[in-house]
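# Understanding the architecture of this molecule
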Amino acid sequence: MIKLDYKLYYWDLPFRGNFIQLMLEDVGAHYQRRDASEIYPERSLKIHNPGMAPPYLYECKTKTYFAQMPAALMHLGRKYDYLPKRAETHTLALKTILDCNDLLIEISNCNGQVMWERSDWEGFRFGRLPDWMQVFEKTGLSHGLKGQRGFLLGSSISVADIATAALFGTLVYSFPQLESDLREHAPHVADLCQRVEARPTIQSLLEKQRQEYGRGYCGGQIERSLRKMIG
Ligand SMILES: N[C@@H](CCC(=O)N[C@@H](CS)C(=O)NCC(=O)O)C(=O)O
């Protein structure tokens, strides 16, 4: 029997869980995906290193849990050498993951606390969303993305590329109407997401997931509200 390296606790949806899962796939870790309800909410305060909400990453060797998606991804980045070496780009890797998480909060209207209204959605889609896309595009262009080559922060893959693909690759798969927005405002990032999604283990995971979850994104009423706006 293969010894497990990690367990990832999340829901049957890509949203925040895929940031960690794409990374686990790309580094070839042995892991299981488990339902978030095994921890959340009853055990959230009882685990070692308690955390408020899924995703939770459990590291088998150290019997340690990590909540907060950016923290879990940085932990894996350090362990598997997926962090840029220079101080600036190392910090930008964390900044990119935090940008992704901010954008998830914005898209889901504060993790689903408020449903989208038409005027707010249009302000977001035609204002902040293009600005966010350009933040990633400009970061890539000044650090390593070129034509069909390169990565967001240099010549080798880092956690920033995994996070960028988990963000925009998932978004445009779940909402194909947003693909032209990404192409218009961040063409190199759109290509980068395709290249990351085509990496062999990531590709086979995504094929399986997409058969299983369809175009599901963050679930619940907030996904219905998003679909009403975009559709
Ligand atoms: N900042 C946290 C946010 C976690 C979060 O909002 N998780 C969602 C699923 S993506 C959830 O289940 N929230 C329930 C809650 O906050 O009680 C992270 O980045 O991991």
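Now for a description of the structure that goes with this document. Sequence order sets the numbering: in each chain, residues are counted from 1 along the sequence as written. In keeping with the model being predicted, local features are shown solely for residues with a pLDDT of at least 70 and side-chain atom pairs are shown and tallied solely at 80 or more, while totals for entire chains, interfaces and linings include all residues. Values reported for side chains reflect all heavy atoms of the structure, with hydrogen atoms and water molecules removed beforehand.

## Details of the nonpolar core
Only buried residues count toward a nonpolar core, which is a set of Ala, Val, Leu, Ile, Met, Phe, Trp, Tyr and Cys residues joined through side-chain atoms within 4.5 Å. Working definition: with a 1.4 Å probe on protein chains only, accessible area under 20% of the residue-type maximum means buried, over 50% means exposed, and in between means partly exposed. Core analysis: the largest hydrophobic core is formed by 68 residues, its most contacted members being F19, L24, V159, F168, Y217 and L226. Every helix listed is a DSSP run of H or I at least four residues long, and every strand listed is a run of E at least two residues long, numbered separately from the N terminus. Top element by residues in this core is helix α6 (residues 159-174). It accounts for 10 residues. A domain-level breakdown of this core finds at least three residues from each of domain 1 (6-79) and domain 2 (87-230). In this view, Y217 contacts L13, P14, F15, L104, I107, T170, L171, S174, F175, E223, L226 and R227; residues no more than four positions away in its chain are not counted. Core analysis: the next-biggest nonpolar cluster, separate from the first, contains eight residues, Y9, I39, Y65 and A67 among them. Throughout the structure description, domain borders are defined by an automatic or database domain assignment. Every residue pair with non-hydrogen atoms within 4.5 Å of one another is taken to be in contact.

## Points about the site of the ligand
Only heavy atoms are used to decide nearness, and a residue is near a molecule or strand if one of them lies within 4 Å of it. In the vicinity of the ligand there are 13 residues, among which Y10, Y40, P54, Q68 and N101 approach most closely. Residue W11 places a side-chain N or O atom 3.4 Å away from an oxygen atom belonging to the ligand. The backbone of P54 places a nitrogen or oxygen atom 2.7 Å from a nitrogen atom of the ligand. Computed with the Shrake-Rupley method and a 1.4 Å probe, the accessible areas treat only the protein chains shown as cover for residues. Burial of the ligand by the surrounding chains reaches 74%, relative to a free accessible area of 500 Å². Residue type decides the class: Asp, Glu, Lys and Arg count as charged, Ala, Val, Leu, Ile, Met, Phe, Trp, Tyr, Cys and Pro as nonpolar, and the leftover types, Gly among them, as polar. Split by residue class, the shell around the ligand holds nine nonpolar, three polar and one charged. Contacts described as polar in this section are N or O atom pairs within 3.5 Å, which, within protein, must combine one atom able to donate a hydrogen with one able to accept it, while residues neighboring in sequence count only if both atoms come from side chains.

## Let's talk about the environment of I20
Counting through the fold element by element, I20 comes out in helix α1 (residues 17-26). Among the residues examined, I20 registers a relative accessible area of 0% and is labelled buried. Linking I20 and R33, residues 13 residues apart in sequence, is a C-alpha distance of 10 Å. Ignoring anything within four residues of it in the chain, the contact list for I20 reads L8, P55, L57, M69, A72, L73 and L76.

## Examining unusual backbone geometry
Of note, the bond from Y40 into P41 is cis; its omega dihedral lies within 30 degrees of zero at 0°. Summarising the element assignment, P41 is placed in the loop between β2 (31-35) and β3 (56-59). Here the bond from P54 into P55 is cis, since omega is 5°, no more than 30 degrees from zero. Within the element layout of this structure, P55 appears in the loop between β2 and β3. Here the phi dihedral of C110 falls at roughly 60°; this positive angle occurs in a residue that is not glycine. By the element assignment, C110 lies in helix α4 (residues 109-112).

## Quick look at the environment of T139
Within the fold, T139 resides in helix α5 (residues 118-143). Note on T139: relative accessible area 16%, which makes it buried. C-alpha of T139 to C-alpha of L152: the two residues are 13 residues apart in sequence and 6.8 Å apart in space. Residue contacts for T139: discarding those within four places in its chain leaves L152 and L153. A polar atom in the side chain of T139 sits 2.6 Å from the backbone oxygen of V135.

## Details of the environment of F15
Looking at the element boundaries, F15 is found in the loop between β1 (6-10) and α1. Along the backbone, F15 and H188 are 173 residues apart, and their C-alpha atoms lie at a distance of 22 Å. Those residues in contact with F15 that lie beyond four places of it in its chain are Y10, L104, S108, Y217 and C218.

## Topic: the side chain of E137
Of note, E137 is situated in helix α5. Two residue types count as positive, namely Lys and Arg, and two as negative, namely Asp and Glu; His and chain ends fall outside the count. Within this document, salt bridges are pairs made up of a side-chain nitrogen of Lys or Arg and a carboxyl oxygen of Asp or Glu, the two lying within 4 Å of each other. R183 provides the closest opposite charge to the buried, unpaired E137, separated from it by 8.3 Å. A polar atom in the side chain of E137 sits 2.7 Å from the side chain of H188. If we ignore the near neighbours within four places in the chain, the residues touching E137 are H185, A186, P187, H188 and V189.

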